[in-house]
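Letter by letter, the chains look like this.
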Amino acid sequence: MNSHDGPGRWIGASLLRKEDRRHLLGASTFVADVRIPGMQDIAFARSQLAHARVVSIEKPQGFENKVYTLADLGEIRCLDAGPELATFRTVPYPPLAGDRVRFVGQTVAACIAPTRAEAEDIAQEVLLTGENLPVVIDAVEAIKPGGATLFDGWQDNAFIHATIADGDIASVANAPIQMRRQFKMNRQATAPLETRGVVAYWDERLDELVVYSSTQGPHLMRFGIAQTLGLPEHKVRVIAPDVGGGFGGKNRLMPEEIAVAAIAMKCGHPVRWIEDRREHLIASVHARDHYYDFTLYAENTGRVLGLKGELFVDAGAYSLWPSGPYMESSMAARNLPGPYRIEHLHVETHTVATNKTPLGPYRGVARPGACFAIERAMDELAHELGMDPVELRRINLVRATDMPYHTIGGLILDTGDYPGALEAVVDMVDLPAIRARQKQGESDGRRIGVGFAVYTEQSGHGTIEWTKRKSRVVPGYESATVRMLPDGTVHIMVGILNHGQGLETSLAQVAAHELGIDPSQISIRHGDTNATPFGFGTFASRSIVFSGGAVARASSILADKLRKIGAHLLQSPVESVTLRDGAVHAGAASIPISEIARAGNIRPEMLPTDVAPGLEITATYEPPDSGGVFSYGVHAAVVAADPDTGVVEILQYAVAEDCGTMINPMIVDGQIIGGIAQGIGTALYEESPYDPSGEPLATTFGDYMMPCAPEIPRIDIRHFVSPAHNTLHGVKGMGEGGAIAPPATIANALSDAFRDIGAKFAETPMTPRRVSEAVARARGDAV
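Residues numbered from 1 in each chain as written. Predicted model: local features only at pLDDT ≥ 70, side-chain atom pairs only at ≥ 80, totals over all residues. Heavy atoms only, no water.

1. Let's talk about the overall build of the protein chain
Using the following cut-off: Numbering goes from the N terminus for both helices and strands, where a helix is a DSSP run of H or I of at least four residues and a strand is a run of E of at least two. The globule rule used for comparison is 2.2 Å times the number of residues to the exponent 0.38, while the radius of gyration itself is calculated over C-alpha atoms. Buried residues are those whose accessible area, probed at 1.4 Å on protein chains only, stays under 20% of the maximum for their type, while exposed residues exceed 50% and partly exposed ones sit between those limits. Method for areas: the Shrake-Rupley scheme with a 1.4 Å probe, in which residue coverage is limited to the protein chains shown. His residues and chain termini do not enter the charge count, which takes Lys and Arg as positive and Asp and Glu as negative. Charged side chains are reduced to one point each, which is NZ for Lys, CZ for Arg, CG for Asp and CD for Glu.
Per the secondary structure count, the protein chain includes 19 helices and 29 strands. Over its C-alpha trace the protein chain gives a radius of gyration of 27 Å, about what one expects of a compact globule, namely 28 Å for 783 residues. By its C-alpha atoms, the protein chain is 90 × 75 × 50 Å across when sized along the principal axes. By the burial criterion, 63% of the 783 residues in the protein chain qualify as buried. When the accessible surface of the protein chain is split by element, carbon and sulfur atoms take 50% of a total near 28,000 Å². Here the protein chain contributes 71 positive and 93 negative side-chain charges, whose respective centroids are spaced 2 Å apart.

As structure tokens, this is what we get:
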């Protein structure tokens, strides 16, 4: 890869984010800000029944032409969602309910009116009459023989049963230590700052359907919408304007998007739906909901030999296009060994349908649950053996000399110093001082504890990995178009989508490094399928690897052309020129890039005879090893917990992490801090529970707790830098890492605080009630 010939000024620079100015000025354009003449609002009538056969859907009198049911939408092709495996049970997820409703909040009818309030009034009058069916809520119970099923013809409620195994688990059946444990990570919402939203209309001039959507992947959504509605793709345009967070919840084709687009083609005017917060909490993508039951086999020295058990993922009522819920259980099982030298693994996974909101990806996907399970088990094992939990990790962690290390879960840890990161956080929290404080006790009666957790974060995985997962869509590359304008400034069009990651800044820094210009001269364009090259969007910590690589490759090719034109204009051999500081240099002589750009675009007679006019390059990129690269880190938390009220305060939080080469360290720190804030939510606050009848119990922010600024402690960060061997500039993805380890870290800190009585913390979120009850059980008190 060619780069500019001067010092590396831009890669590694903590530049302020370009995109922040418009957000801070309130000048952003989100879907809710889009105004199209003649636009009307849609409100959805939603099922209040968890499981029922639809008998009738009655439209309110006088508003029949304002209410759309499934039959009114015309021909809809429900796409198969989930892996291309014969053993995976695919089921249609219609945009509006057909013959059955399967969760509270499922869309039943769409109502149109000039305002949202009027549309809601109509929706309240839509009457769904249904014949109640048995409700399935518990994923473990749901696969037992003889129970009720969500879908006719299913013998149980599993989308798929699958075994993830490697090594020979039978060879450790007589291990001296065999410890069985159960861990549960409960369901939660994705809760971005901006909820979902869709605006759709038929553009008569361009003869195309235009869909504004708050999505993470506009190109993929265009494909899905076109396929579902039976339109050729060139007649569908998807625009993602500013997007206020996604976290995976905006990376699936959802029924509301299809319904709004279909109605726009029928009603003759633009329509809009903006999700309210209650709709989001009961009917948008949910996440987590894992249950682990496994036995850990170990030697008396603390060396862990193997893991065997079961994993249940509660996937909700439907499978979401494109990848469905199977990836969640597969990833969780494969990540269960973590960064430890465990040689034997056997996990029976069950991806289960229940009468709940469908499950989708969320920041960290399956890894927080897997990390919670293995890291809690490591601490429990240390307690069983009377060992220091830090020492137990020292014994089992993958070492720098082991790299590249093939884990028993089939992952390849490429570079890094896991033990070094562990020692760093031990120093950062001053472990001896904490132990001394614990001996002294707290004057207010609270208990102090310190916990540690180690995580790995697979990122930048491409064709090989997605093919292994049998994905219906294989996001194996990204594209970028770099266009230098006649004045030397640059437009870069990319297929990913920036929704809080700072990619408009980071990608500009990558291009500036290659082109030898200032990032302020570069604009990043994304989100419009008519204006950007095809791409798969932003998810799975992939954008800096794939899109950054495509930008670097296209910019490098363009830089070569600039050198060639510059050498010609300077009458120097191309081998003798350098590109830096906004100019091409040949000894003491130089020519500004603006002059080269002028020649390349509007003065073709000034070009060498073998150089075509135009300064625009499109390139695609996938790392040569598409199995992925691994960021990693170690988290430590110091907590104070009241044994009677169960209230937990985080006194200190420390992180040592390694994401390879950092394009912008300030943005990296921001991503870490934001991820940890979400991880604290998983650990202590966020939960979407259901009662036995399938009624969701967290439908407002009065019920659904989230951490706010006072609950987020100061976070100390130390960076290790182990560049990846097979990505451009040695980058690794890191957007999800901060969210993976906090639940395990905080649970281990609570376990440490109450280690003298052996209180168990095996379920998230660790609310005051769960903490106080765990302490009471350990004391032998009635709960």
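Still to come is the rest of the account.
2. Section: the domain arrangement of the protein chain
The cut-off we apply is this: An automatic or database domain assignment provides the domain bounds reported here. In this analysis, two residues are considered to be in contact whenever any of their non-hydrogen atoms come within 4.5 Å of each other. Buried area adds together the accessible area that both of two parts lose upon being put together, with accessible area traced by a 1.4 Å probe.
Per the domain assignment, the segments of the protein chain are domain 1 (20–28 + 477–621), domain 2 (34–133 + 193–245 + 250–283) and domain 3 (286–463 + 625–779). One C-alpha centre belongs to domain 2, the other to domain 3; they are set 36 Å apart. The interface is formed by 32 residues belonging to domain 2 together with 28 residues belonging to domain 3. In this assembly, domain 2 packs against domain 3 so that about 2,500 Å² is buried in total across both faces, 67% of it on carbon and sulfur atoms.

3. Overview of the environment of Val 775
Along the chain, Val 775 falls in helix 19 (residues 768–779). For the pair Val 775 and Phe 754, spaced 21 residues apart in sequence, the C-alpha to C-alpha distance is 7.6 Å. Not counting residues up to four positions away in its chain, the partners in contact with Val 775 are Pro 643, Phe 754, Ile 757 and Ala 759.

4. Things to note about the pairing of strand 20 (residues 490–494)
Note the following rule: Paired strands, as defined in this entry, are two strands with at least two bridges between them according to DSSP.
Where burial is concerned, most of strand 20 is hidden: four out of the five residues are buried. Across five bridges, strand 19 (residues 478–484) lies against strand 20 in antiparallel orientation. Looking at the pairing, Met 484 lines up with Val 490 of strand 20. Linking strand 19 back to strand 20 in an antiparallel pair, the connection comprises five residues, with Gly 488 at a positive phi of about 95°. The pairing of strand 20 with strand 21 (residues 522–525) spans four bridges and is classified as parallel. Bridge pairing in strand 21 places Met 493 opposite Arg 525.

5. Observations regarding the side chain of His 526
Put simply, the rule is: Under this definition, polar contacts are N or O atom pairs within 3.5 Å; protein pairs additionally need one hydrogen-donor-capable and one acceptor-capable atom, and for neighbouring residues in sequence, both atoms have to be side-chain atoms.
Note on placement: His 526 falls in the loop between strand 21 and helix 14 (543–570). Separated by 3.0 Å, the side chains of His 526 and Glu 504 make a polar contact. Among residues more than four places away in sequence, those in contact with His 526 are Ala 240, Val 494, Ile 496, Leu 497, Asn 498, Glu 504 and Thr 532.

6. Notes on the state of the cysteines
As a reminder, the rule being used: Working definition: a disulfide is two cysteine sulfur atoms within 2.5 Å of each other.
In this structure the tally under the stated criterion is zero disulfides. Its sulfur unpaired, Cys 78 is 20 Å from the next cysteine sulfur, which belongs to Cys 111. Cys 78 sits in the partly exposed class, given a relative accessible area of 29%. Of all cysteine sulfurs, the one in Cys 659 lies closest to Cys 371, which takes part in no disulfide; the gap is 17 Å.

7. Points about the sheet that holds strand 26 (residues 629–641)
The condition that has to hold: Fitted lines through C-alpha atoms serve as axes, helices being fitted only where they are in contact, and the angles separating the N-to-C directions of these axes extend from 0 to 180 degrees.
Overall, mixed pairing links the four strands, which are arranged 18-26-27-28 in an open sheet. Single-partner strands in this sheet number two, and they are strand 18 (447–459) and strand 28 (715–720). Taking the axes of each pair of neighbouring strands and ignoring which way they run, one obtains an average angle of 15° across the sheet.

8. Digging into the sheet that holds strand 20
Hydrogen bonding along the main chain pairs the strands of a sheet, whether they run parallel or antiparallel. If you trace the four strands from one edge of the open sheet to the other, you get 21-20-19-25, paired in mixed fashion. The open sheet terminates on both sides in strands that have one partner only, identified here as strand 21 and strand 25 (616–621). Taking the axes of each pair of neighbouring strands and ignoring which way they run, one obtains an average angle of 20° across the sheet.

9. Re helix 19
Along an α-helix, residues three or four positions apart point the same way, because every turn accommodates 3.6 residues. Counted only if it meets this: In this scheme, a helix's expected span is set at 1.5 Å multiplied by one less than its residue total.
Taking 1.5 Å per residue, twelve residues should reach 16 Å; helix 19 reaches 16 Å between its end C-alpha atoms and fits that length. Taken together, the buried positions of helix 19 are occupied by Arg 770, Val 771, Ser 772, Ala 774, Val 775 and Ala 776. Taken together, the buried residues of helix 19 touch strand 8 (177–189), strand 27 (648–658), helix 18 (742–753) and strand 29 (763–764). Remark: Gly 780 follows helix 19 within two positions and exhibits a positive phi of approximately 90°.

10. Some thoughts on the packing of helix 4 (residues 218–229) against helix 5 (residues 255–267)
Rules: Throughout this description, any angle smaller than 35 degrees is read as roughly parallel, any larger than 145 degrees as roughly antiparallel, any in the 65 to 115 degree range as roughly perpendicular, and the remainder as oblique. Take the far helix as your reference; a near helix turned counterclockwise from it by less than a right angle gives a left-handed crossing, and one turned clockwise gives a right-handed crossing. Residue polarity follows a fixed list, in which Ala, Val, Leu, Ile, Met, Phe, Trp, Tyr, Cys and Pro are nonpolar, Asp, Glu, Lys and Arg are charged, and the others, Gly among them, are polar.
As a packed pair, helix 4 and helix 5 sit with axes 11 Å apart at the nearest point and diverge in direction by 60°. On the basis of the axis angle, helix 4 is oblique to helix 5. Between helix 4 and helix 5 lies a crossing of right-handed hand. Residues Met 221, Ile 225, Thr 228 and Leu 229 of helix 4 pack against Glu 257, Ile 258, Ala 261, Ala 262 and Met 265 of helix 5. In terms of residue class, the contact of helix 4 with helix 5 is made up of seven nonpolar, one polar and one charged.

11. What to know about the pattern of salt bridges
Quick note on the threshold: A carboxyl oxygen of Asp or Glu within 4 Å of a side-chain nitrogen of Lys or Arg is what we treat as a salt bridge.
The tally for this structure, following the rule as stated, stands at 56 salt bridges. With a closest N to O distance of 2.8 Å, Lys 356 and Asp 314 form a salt bridge. A residue pair is termed long-range when its members are at least 10 positions apart, and Lys 356 in the loop between strand 15 (344–353) and helix 8 (367–385) and Asp 314 in strand 14 (residues 304–316) qualify at 42 residues. Exposure remark for Lys 356: the relative accessible area of 9% places this residue in the buried category. Close ionic contact of Glu 375 with Arg 393 constitutes a salt bridge, the shortest N to O distance being 2.7 Å. With Glu 375 in helix 8 and Arg 393 in helix 9 (residues 389–396), this residue pair connects regions lying 18 residues apart in the sequence. Both residues of the pair, Glu 375 and Arg 393, belong to the buried class.

12. Topic: empty space enclosed by the protein
Convention followed: Points on a 1 Å grid, built from protein atoms alone, make a cavity when a 1.4 Å probe fits but cannot get out and make a pocket when they are open with protein on both sides within 12 Å along at least 5 of 7 lines; residues with an atom within 4 Å of a point are the lining residues. Grid points are joined across faces, edges and corners, and a volume is the space filled by probe spheres set on the points.
This model, assessed by the stated rule, comprises eight cavities of 30 Å³ or more. In this structure, the largest cavity encloses a volume near 170 Å³. Taken together, 16 residues make up the lining of the largest cavity; nearest its centre are Cys 78, Leu 79, Tyr 93, Leu 253 and Trp 321. Residues that form the lining of the largest cavity fall into these classes: 13 nonpolar, two polar and one charged. Among the domains, domain 2 (34–133 + 193–245 + 250–283) and domain 3 (286–463 + 625–779) are the pair contributing at least three residues each to the lining of the largest cavity.

13. Comments concerning the layout of surface pockets
Counted as a void, the second largest pocket has a volume near 560 Å³. What lines the second largest pocket is a set of 21 residues, and nearest its centre among them are Phe 44, Ala 45, Arg 46, Gln 48 and Arg 278. Across the lining of the second largest pocket, the residue classes tally to ten nonpolar, four polar and seven charged.

14. Let's talk about the packing of aromatic side chains
Using the following cut-off: For Phe, Tyr and Trp, rings pair up if their centres lie within 6.5 Å, where Trp contributes its six-membered ring, and each pair is then called stacked (planes under 30 degrees apart), edge-to-face (over 60) or tilted (otherwise).
Summed over the entire model, instances satisfying the criterion amount to 17 aromatic pairs. With a centroid separation of 5.7 Å and 10° between ring planes, the pair formed by Phe 88 and Phe 159 is classed as stacked. With Phe 88 in the loop between strand 3 (67–68) and strand 4 (100–101) and Phe 159 in strand 7 (residues 158–166), this residue pair connects regions lying 71 residues apart in the sequence. Phe 159 carries the same exposure label as Phe 88, and that label is buried. With a centroid separation of 6.2 Å and an interplanar angle of 75°, the aromatic rings of Trp 466 and Phe 539 are classed as edge-to-face. Remark: Phe 539 occurs in the loop between strand 21 and helix 14 and Trp 466 occurs in helix 12 (residues 463–468); sequence separation between them is 73 residues.

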